[in-house]
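Close look at the chain arrangement
Here are the chains, one letter per residue:
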Amino acid sequence: MRIAICPGSFDPVTKGHVDILERSSKLFDKVIAVVMVNPNKTPTFTKDERVEFIKKATRHIPNIEVDSYLGLVADYAREKNAHTLIKGLRAVTDFEYEFQQALTNKKLNPELETLFMVTNQEYMYLSSTIVRQIAGFGGKIEQFVPKRIEEEVFRRFNEK
Ligand code: ADP
């Protein structure tokens with residue numbers, strides 16, 4: 001079984017993420033979207049909220065699994081017997097960081113290949129940070145996050 005992993009902070013999941021997950025799911029038997037827990041960062045949404053949002057947003061994709069992990073992607077991949085890591089690339093600005101990560105992951109787990117998937121043009125400006133900024137000022141986020149989670153993301157964000 002060919003398994004691909006799509007790691008990220010997904011704080012919260014956006015239409016850009018879902019696009020990458022949908023396209024990846026057509027290329028692999030199973031795709032795992034994994035919320036990476038970084039103890040040095042304080043996310044807006046909890047790990048469980050982030051997982052729940054991704055689950056709702058990807059309900060229509062049959063071969064997707066949603067998980068969370070505290071640790072290194074390289075170790076997670078080994079545990080799941082996955083040999084492909086998919087990263088979405090928006091702009092040149094993503095490139096340098098992703099390149100460094102990919103080379104590091106290769107050192108940590110030589111059996112893991114990083115593949116870059118080019119963003120959908122429509123979402124190339126989109127990030128979770130932008131969604132948080134807009135929601136923070138009471139703006140409408142319907143264009144940026146999947147319809148199924150829009151209200152909940154907005155409400156929970158403003159409760160915090
Ligand atoms: P963000 O930068 O939005 O906080 P994450 O850390 O959650 O993103 O990203 C997880 C993965 O999704 C990364 O590979 C990132 O490059 C990719 N990604 C995020 N937003 C988009 C987008 N709009 N188009 C393509 N890929 C994206």
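My aim in this report is to walk through the structure given alongside it, one point at a time. Because the structure is predicted, anything quoted here is derived from the model rather than measured. (Residues numbered from 1 in each chain as written. Predicted model: local features only at pLDDT ≥ 70, side-chain atom pairs only at ≥ 80, totals over all residues. Heavy atoms only, no water.)

Moving on, we get to a nonpolar patch on the surface. On the surface, a cluster of nonpolar side chains totalling about 490 Å² of accessible area is made up of Val-92, Phe-95, Phe-99, Leu-103 and Phe-116. Here the element with the most residues in the nonpolar patch is helix α4 (residues 92–108); it accounts for 4 residues. When you line up the elements, Phe-99 lands in helix α4. A relative accessible area of 43% means that Phe-99 is categorised as partly exposed. (Patch = residues over 30% accessible without salt bridge, like charges linked within 9 Å, V, L, I, M, F, W, Y side chains within 5 Å. Areas by Shrake-Rupley, 256 points an atom, 1.4 Å probe, with all protein chains shown as cover. Salt bridge = Lys/Arg side-chain N within 4 Å of Asp/Glu carboxyl O. Helix = DSSP H or I, 4+ residues; strand = E, 2+ residues; numbered from the N terminus. Buried < 20%, exposed > 50% of the residue type's maximum accessible area, 1.4 Å probe, protein only.)

Read across the sheet, 5 strands follow the order β3-β2-β1-β4-β5 without closing on themselves; strand pairing throughout is parallel. Looking at strand neighbours, the two that pair on one side only are β3 (64–70) and β5 (113–118), the edges of this open sheet. Each adjacent strand pair in this sheet contributes to an overall mean axis angle of 30°, direction not counted. Here strand β2 (residues 30–37) runs beside β3; their pairing, made up of 7 bridges, is parallel. Across the sheet, Val-31 pairs through a bridge with Ile-64, a residue of β3. Packing of helix α3 (residues 73–80) onto the sheet brings it into contact with β1 (3–8), β2, β3 and β4 (84–89), and relative to β3 it is tilted by some 130°. Packing against the sheet, α4 makes contact with β4 and β5, and its axis sits at approximately 170° to β4. (Pairing = 2+ DSSP bridges. Axes fitted to C-alpha atoms, helices over the stretch in contact; angles between N-to-C directions. Contact = heavy atoms within 4.5 Å.)

Attention now goes to the environment of Lys-160. Mapped onto the secondary structure, Lys-160 falls in the segment after α6 (147–159). Through-space distance from the C-alpha of Lys-160 to that of Ala-74 is 33 Å; in sequence the pair is 86 residues apart. Apart from the residues within four sequence positions on either side, Lys-160 is in contact with Thr-44, Phe-45, Thr-46 and Glu-49.

Along a regular strand, successive side chains alternate from one face of the sheet to the other. Of all the 8 residues making up β2, 6 are buried; the element is thus mostly covered by neighbouring parts of the structure. Where β1 lies against β2, 6 bridges are found, and the strand directions are parallel. By the bridge assignment, Pro-7 is partnered in β2 with Val-34. Crossover connection from β1 via helix α1 (residues 15–25) to parallel β2: handedness right-handed. Handedness of the crossover is the feature at issue here: the chain leaves β2, passes through helix α2 (residues 47–57), returns alongside β3, and the resulting connection is right-handed. (Right-handed = clockwise from strand over helix to strand, strands pointing away.)

Our next topic: the nonpolar core. Counting 31 residues, the largest nonpolar core has Val-13, Leu-21, Val-31, Ile-54, Ile-86, Ile-141 and Ile-149 as the members making the most contacts within it. Put simply, the parts of the chain that give this core at least two residues each are β1, α1, β2, α2, β3, α5 (128–136) and α6. If one sorts the elements of this core by residue count, α2 sits on top with 4 residues. Setting aside its immediate chain neighbours within four residues, Ile-149 contacts Val-13, Phe-53, Lys-56 and Ala-57. (Core = buried A, V, L, I, M, F, W, Y, C linked by side-chain atoms within 4.5 Å.)

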